[in-house]
Amino acid sequence: MKKTCQTCLKKHQCWVNNFDRTYNVLHDTMQSIEDHDVSQLNLNVGKLKNFCIKQDQMVDQMRYELSFYQANKRLKQQVKESRKFVSEQLNGVSEVMNNFAKEILKERQEHDWQEEEVKRLIQQLNLSLDRLELYSIDQGNVDMEMTLHFNEYHGEGEKLIAPMLSELFGESIVVESEDPVDARSGYRTFNFASIKRYQLDTGVAHAAKNGNFLSGDSYVMLELGKSRYAVAISDGMGNGERAYLESSETLKLLKQILQSGINERVAIQSINSILSLRTSDEIYATLDLAIIDLQEPRANFLKIGASISYIIRSGSVYPVEGSNVPIGILDEFDVEPVNESLKDGDILVMVSDGVLETTRLEENREVWLKRKLKELETENPQEIADIILEEVVRSNHNQILDDMTVLVTRIEKSKPKWASFAYPKSV
C-alpha cells in the first residue's frame, strides 16, 4: 500500500470508505500468488480491477515483496541450521579435546616400577636396551616403545620380548610395529601393545548396473584407533557418475570426521548438515555404517536409508534393520543406532539395495537372501561376497539390474603368533 496507493487519488475511497473490501481482495490476491494458483489469481485480479486503477503495479509490487519475504525466510532458516551444525561440531570437538586431555594426564603418570622390571627382564635376555617409553599400562591397553641394538637380529621382538611382556603384564602383548623392518643389525625400534581380543577378516564384491565401469555404490573399511573398526556402504541416488560422486563424497566426509575422533552419531548428523546446506547441487545418498568394537565385541549399526543387513551365527541368520531416510534429504533428523553384541565366528553381511532388486515381482527378496545365507558352506568372507553377488546375477537371468555391493566381515578371537611362557624371577 505504501509504495502503490500512497500517491493515488482513490486512496481515501479504497482504504477509508471500503477498507474491508480492499483488504480482503488484496489478501486473496497475494495468497494466490504465493500458492502459484493462476486461475485464482486471474479471478482476484478481476475483482481488483473493479475498484483499483493501479492493479498491474499493485500485483507487481506484491510479487516483489513476496519474493523478498521468502528469500529472507530461507536465509533465516539457513542461519538457524548453520548455528545448529556449528553447535554439533563444537560438541564433537569438545569431546575429542576432553579425551585428548585424559590421554595426556595418563601419559604423565609415573611407571617407575614397571620400567625397572622391563629393563631387568631385557637384561636377563642379554639384549642391549637403548631407550624405553611406557605410554600406558592399563589392562587391555598396554602401549610401550623401546629401542634396542642388535648385532644380528633373529626375530627376538616376537619370539622373546613379546612373550616376556605378556608374562609380566598378565595379558597377550604383541609387536604392533618395528622399524627398520629389513635391517639385520643396528638399532631397532619396537612398539608393543595389547593384542586386540578380536580381529576381523573382510571381503567385498561389487558390480555396476548393466556391467558399466562406474558404480553408484561406494564402500570403506577403516581402522579407528587401536580397538575400533568401521565398515560402510553408501549408495548414491540413481546410477553412473552422478551417483558415484554422491556416494563417494558421503564416505569421504565420513572418513575424515571419524578419523578426527568425533562420535559416529555426531559425524552422521554433521554430514547430513553439510550436504543438506548445498542449495545449488543437492546430494542424496544412503549410508550403511557399522562400528565394531574389537575388545567387547559388539557392533553399533547406523542405517540411513540403507538396506537390511544380516548376522550369520552358528547356522542361523539374524536381520539388522534401520528406518532413517537418506542423507541430505531432510534438514535435520535423529539418528537411531542399533546395538548388537557379537560372538566369536559371527559373520556380518551388508548389502546395497541393488542386491535386493529382482525381475520376479512375486518374490520376497529379503527372504530369498536370508535363505541363501543359511545355505552357505563357507565361512571365508571373500568367498561369501562372491557367491552372493553371483547368485543375485544368476537369479535375474544374468542381468545386473542396479549397482550392487556385498560387504562381508567375519569376527574371530585373536591368536598371538607366539605363546607366552614364564621367565625365572630373580631372588
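Up top is the structure.
Right, let's walk through the structure included here. (Residues numbered from 1 in each chain as written. Predicted model: local features only at pLDDT ≥ 70, side-chain atom pairs only at ≥ 80, totals over all residues. Heavy atoms only, no water.)

1. What to know about the pattern of salt bridges
This structure, assessed with the given rule, holds 16 salt bridges. A salt bridge links Glu379 to Arg410, with the nearest nitrogen and oxygen atoms 2.9 Å apart. Highlighted residues: Glu379 in the loop between α9 (365-374) and α10 (381-395) and Arg410 in strand β14 (residues 404-413), separated in sequence by 31 residues. Across the salt bridge formed by Glu391 and Arg394, the nearest N and O atoms sit 3.7 Å from each other. Of the two residues, Glu391 and Arg394 both sit in helix α10, three residues apart, roughly one turn of that helix. Overall, Glu391 belongs to the partly exposed group, its relative accessible area being 22%. When salt bridges that share partners are traced, they join Lys372, Glu390, Glu391 and Arg394 into one network. (Salt bridge = Lys/Arg side-chain N within 4 Å of Asp/Glu carboxyl O. Helix = DSSP H or I, 4+ residues; strand = E, 2+ residues; numbered from the N terminus. Buried < 20%, exposed > 50% of the residue type's maximum accessible area, 1.4 Å probe, protein only.)

2. Here we look at the nonpolar core
Within the largest apolar cluster, 25 residues are counted, with the highest numbers of intra-cluster contacts made by Val349, Val355, Leu369, Leu373, Ile388, Met404 and Val406. Elements supplying a minimum of two residues to this core: β5 (198-207), β10 (309-313), β13 (347-351), α9, α10 and β14. Looking at this core element by element, the count peaks at six residues for α10. Setting aside residues no more than four positions away along its own chain, Ile388 makes contact with Val355, Leu369, Lys372, Leu373 and Val406. Formed by 22 residues, the second largest nonpolar core is a distinct cluster that contains Leu125, Leu127, Leu132 and Met164. (Core = buried A, V, L, I, M, F, W, Y, C linked by side-chain atoms within 4.5 Å. Contact = heavy atoms within 4.5 Å.)

3. A look at the sheet that holds β5
With respect to topology, five strands assemble into an open sheet ordered β5-β14-β13-β10-β11, the strand pairing being antiparallel. The sheet terminates laterally at β5 and β11 (316-320), the two strands that pair on one side only. Strand-to-strand twist in this sheet, taken as the mean axis angle between neighbours without regard to direction, amounts to 20 degrees. Sheet topology note: the β13/β14 ladder contains five bridges and is antiparallel. Paired with Val351 across the bridge in β14 is Val406. In this fold α9 packs onto β10, β11 and β13, with an angle of close to 25 degrees to the strand it touches most, β10. (Pairing = 2+ DSSP bridges. Axes fitted to C-alpha atoms, helices over the stretch in contact; angles between N-to-C directions.)

4. A short note on the packing of aromatic side chains
Scanning the entire structure with this criterion turns up six aromatic pairs. Ring geometry for Phe19 against Tyr23: centres 5.8 Å apart, planes inclined by 20 degrees, an arrangement best described as stacked. Pair noted here: Phe19 and Tyr23 are both in helix α2 (residues 19-34), with a separation of four residues, about one helical turn. Judged by centre distance (5.9 Å) and plane angle (45 degrees), the rings of Tyr153 and Phe190 are tilted. Residue Tyr153 is found in the loop between β2 (141-150) and α6 (156-169), and its partner Phe190 is found in strand β4 (residues 186-194); the two are separated by 37 residues along the sequence. Pair check on accessibility: Tyr153 and Phe190 agree, each one buried. Here a set of aromatic residues connected by ring pairs shows up, and it is made of Phe150, Tyr153, Phe190 and Phe192. (Phe/Tyr/Trp six-rings, centres within 6.5 Å; stacked < 30°, edge-to-face > 60°.)

5. Regarding helix α7 (residues 240-259)
An ideal rise of 1.5 Å per residue puts 28 Å on 20 residues; α7 measures up with 28 Å between its terminal C-alpha atoms. Within α7, burial applies to Ala243, Glu246, Ser247, Thr250, Leu251, Leu253, Leu254, Ile257 and Leu258. End-on, the buried residues of α7 take up no more than an arc of 155 degrees, which puts them together on one face. After α7 finishes, the residue Gly261 shows a positive phi value of roughly 100 degrees. (Expected span 1.5 Å × (residues − 1). Arc of directions from axis to C-beta.)

6. Brief notes about the environment of Leu251
Among the structural elements, Leu251 can be located in helix α7. Taking the C-alpha atoms as reference points, Leu251 and Ala232, 19 residues apart in sequence, are found 7.9 Å from one another. Apart from residues lying up to four places away in sequence, Leu251 is in contact with Ser218, Tyr219, Val220, Ala232, Ser234 and Leu287.

7. A look at the sheet that holds strand β3 (residues 173-179)
If you trace the four strands from one edge of the open sheet to the other, you get β1-β2-β4-β3, paired in antiparallel fashion. Edge strands, defined here as strands with exactly one partner in the open sheet, are β1 (128-138) and β3. Within this sheet the neighbouring strands show an average axis-to-axis angle of 20 degrees, counted without direction. Note: β1 against β2, nine bridges, orientation antiparallel. Bridge pairing in β2 links Ser128 to His149. Helix α5 (residues 112-124) rests against β1 and β2 of the sheet, and its axis sits at about 140 degrees to β1.

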